[in-house]
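# Notes for the structure review
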Amino acid sequence: GDKIAVEPIEAALQNRLDADAVCVFATPNAAGTEELHVAIESRRKIAQATLAPALQAELKGYPHARVHFVSAISRNASAKIDRAALKRLLFKSPS
């Protein structure tokens, strides 16, 4: 699939949603097609009326992003989002 620069999208969504952190990433689904995911860390509830237009504006061309609300987005020693840890949290195998 095409590579997209996610940092500007994450910053714009974080600003629009007044969220604490946002992480945008893609993972292959069961059919092998890339699916776009948006993880949002926010101490306050984000209304659907706010979320939907923000996603439409910032994710043009990606209308079917899956949204995940998390209590905390992991960071590494450099204070950058630890995308691998976030993916493990969101997609852990059932026991």
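Being a predicted model, the structure only gives us computed values, none of them experimental. (Residues numbered from 1 in each chain as written. Predicted model: local features only at pLDDT ≥ 70, side-chain atom pairs only at ≥ 80, totals over all residues. Heavy atoms only, no water.)

### Observations regarding the packing of helix H1 (residues 6-17) against helix H2 (residues 48-58)
Inclusion rule: In this analysis, axes come from line fits to C-alpha atoms, helices being fitted only over the stretch in contact, and the angle between any two N-to-C directions falls in the range 0 to 180 degrees. Where helices and strands are cited, they refer to DSSP runs of H or I of at least four residues and of E of at least two residues respectively, numbered from the N terminus. Put simply, angles under 35 degrees are roughly parallel, angles over 145 are roughly antiparallel, angles from 65 to 115 are roughly perpendicular, and the rest are oblique. Should the near helix be turned anticlockwise from the far one by less than a right angle, the crossing is left-handed, and should it be turned clockwise, the crossing is right-handed. Residues count as neighbours in contact if any of their non-hydrogen atoms are within 4.5 Å of one another.
At their nearest, the axes of H1 and H2 sit 10 Å apart, and the two run at 155 degrees to each other. The angle between H1 and H2 falls in the class roughly antiparallel. Between H1 and H2 lies a crossing whose hand is right-handed. For the pair formed by H1 and H2, the contact residues are Ile9, Ala12, Leu13, Arg16 and Leu17 on the first element and Thr50, Leu51, Pro53, Ala54, Leu55, Ala57 and Glu58 on the second.

### Some thoughts on the side chain of Thr27
Applicable threshold: Polar contacts, as used here, are pairs of N or O atoms within 3.5 Å; protein pairs need one atom able to donate a hydrogen and one able to accept it. Residues neighboring in sequence count only if both atoms are side-chain atoms.
Considering the arrangement of structural elements, one finds Thr27 in strand E1 (residues 21-28). Within polar-contact distance, the side chain of Thr27 engages the side chain of His37 at 3.0 Å. Discounting residues that sit within four places of it in the chain, Thr27 has contacts with Thr33, Glu34, Glu35, His37, Lys87 and Phe91.

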